[in-house]
Amino acid sequence: MPAQTPPEDPAGDCIFCKIIARELPAFIVDEDEDTLSFMDINPGTRGHALVVPKRHTQDLITAPADDLARTAVAAQRLSARMKEKLGADGVNLLNCCGADAWQTVFHLHIHVIPRYKDDPQRDPLRLPWIPAPGDMDDIKAASEELIA
Ligand code: AMP
Ligand code: ZN
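In this report, the structure presented in the accompanying data block is examined.

### Here we look at the environment of Pro25
Thinking step 1. Topologically, Pro25 is positioned in the loop between helix H1 (15–20) and strand S1 (28–31).
Thinking step 2. The exposed category is assigned to Pro25, whose relative accessible area is 73%.
Thinking step 3. With 13 residues separating them along the chain, Pro25 and Phe38 place their C-alpha atoms 9.9 Å apart.

Structure, rendered in structure tokens:
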């Protein structure tokens, strides 16, 4: 039987793995045994940060549940700190899962985005969809597809 080629190391080129390994610089704001949090260098609002599991995993769907849970808890901790230390009025958590859902770095991360009421300087964000009542038949059909 021919020798098998080992699969390419998926984390080999990962910028977040390099930040975790301190091979790339970052403004680190939180760390525990399993997670690291650092500032996003293209912030949506003042204080926008990212929380990542230290173990490389591509995205939300492929993540082992325990890594995802620890990452969520770290995002919770950082959210509280954004209110306490930065004076945020609220916080959005965002995850992009897949290139078609805006994911650009393929190491699971949760965006922690502090929000500031009536402060376009620190917070220019707007909801990316216009809330409007949906078609009830289609909402029902989608729910049925999800549970089929
Ligand atoms: P996403 O588009 O959800 O995959 O988010 C990736 C995020 O990583 C973007 O908001 C980028 O601004 C951010 N980012 C990319 N490279 C770095 C870096 N070296 N340090 C900090 N944030 C980064
Ligand atoms: Zn990685």
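Now, onward.
### Points about the coordination of the zinc ion (ligand 2)
Thinking step 1. In this structure, Cys14 (SG), Cys17 (SG), His56 (ND1) and His107 (ND1) serve as the protein donors to the zinc ion (ligand 2), at separations of 2.1 to 2.3 Å.
Thinking step 2. Relative to the metal, the four donor atoms surrounding the zinc ion (ligand 2) lie at angles of 105 to 119°, and the coordination shape comes out tetrahedral.
Thinking step 3. In the primary structure, the donors to the zinc ion (ligand 2) are separated according to the pattern C-x2-C-x38-H-x50-H.
Thinking step 4. Overall, Cys14 belongs to the buried group, its relative accessible area being 7%.
Thinking step 5. Accessibility expressed as a relative area gives 17% for Cys17, which makes it buried.

### As for the environment of Leu108
Thinking step 1. Checked against the element boundaries, Leu108 lands in the loop between strand S4 (90–94) and strand S5 (110–115).
Thinking step 2. Leu108 gets classed as buried once you look at its relative accessible area, which sits at 1%.
Thinking step 3. For the pair Leu108 and Phe16, spaced 92 residues apart in sequence, the C-alpha to C-alpha distance is 9.1 Å.
Thinking step 4. Residues in contact with Leu108, not counting those within four places in the same chain, are Val51, Val52, Pro53, Thr57, Gln58, Asp59, Leu60, Ala63, Leu68 and Asn95.

### Details of the sheet that holds strand S2 (residues 35–39)
Thinking step 1. As summarised here, the arrangement of the five strands in space is S1-S2-S3-S5-S4, forming an open sheet in which the pairing is antiparallel. Strands with a single pairing partner mark the edges of an open sheet, and in this sheet they are S1 and S4. Taken over all neighbouring pairs, the strand axes of this sheet differ in orientation by 20° on average, direction set aside.
Thinking step 2. Examined bridge by bridge, S4 and S5 share five bridges and lie antiparallel to one another. When the sheet's bridge partners are listed, Val91 is paired in S5 with Pro114.

### Some words on the site of ligand 1
Thinking step 1. Near ligand 1 lie 16 residues; those nearest to it are Asp40, Asn42, Trp102, Thr104 and His111.
Thinking step 2. Here Asn42 contributes a side-chain N or O atom positioned 2.7 Å from an oxygen atom of ligand 1.
Thinking step 3. Separating an oxygen atom of ligand 1 from a backbone N or O atom of Trp102 is a distance of 2.9 Å.
Thinking step 4. Contact with the protein chains hides 84% of the accessible area of ligand 1, taken as 490 Å² for the molecule alone.
Thinking step 5. Counting only elements with at least two residues in the shell around ligand 1, the list comes to H1 and S2.
Thinking step 6. Broken down by element, the shell around ligand 1 gets its largest block of residues, three residues, from H1.
Thinking step 7. A per-class count over the shell around ligand 1 returns 10 nonpolar, five polar and one charged.

### Section: helix H3 (residues 136–147)
Thinking step 1. For H3, built from 12 residues, the straight-helix expectation of 16 Å at 1.5 Å per residue is met to within 8% by its first-to-last C-alpha distance of 17 Å.
Thinking step 2. With zero of its 12 residues buried, H3 lies for the most part at the surface.
Thinking step 3. Near the N-terminus of H3, the side chain that reaches the backbone nitrogen of Asp137, with its oxygen 2.9 Å away, is that of Asp135.

Reading the values: rules and limits
- Residues numbered from 1 in each chain as written.
- Chains lettered and ligands numbered in written order.
- Predicted model: local features only at pLDDT ≥ 70, side-chain atom pairs only at ≥ 80, totals over all residues.
- Heavy atoms only, no water.
- Helix = DSSP H or I, 4+ residues; strand = E, 2+ residues; numbered from the N terminus.
- Buried < 20%, exposed > 50% of the residue type's maximum accessible area, 1.4 Å probe, protein only.
- Donors = N, O, S within 2.8 Å, 3.2 Å for Na, K, Ca; no water.
- Tetrahedral: all angles 85-135°; square planar, octahedral: opposite > 155°, others 65-115°.
- Contact = heavy atoms within 4.5 Å.
- Pairing = 2+ DSSP bridges.
- Axes fitted to C-alpha atoms, helices over the stretch in contact; angles between N-to-C directions.
- Near = heavy atom within 4 Å.
- Polar contact = N/O pair within 3.5 Å; in protein donor to acceptor, adjacent residues only side chain to side chain.
- Areas by Shrake-Rupley, 256 points an atom, 1.4 Å probe, with all protein chains shown as cover.
- Nonpolar A, V, L, I, M, F, W, Y, C, P; charged D, E, K, R; others polar.
- Expected span 1.5 Å × (residues − 1).

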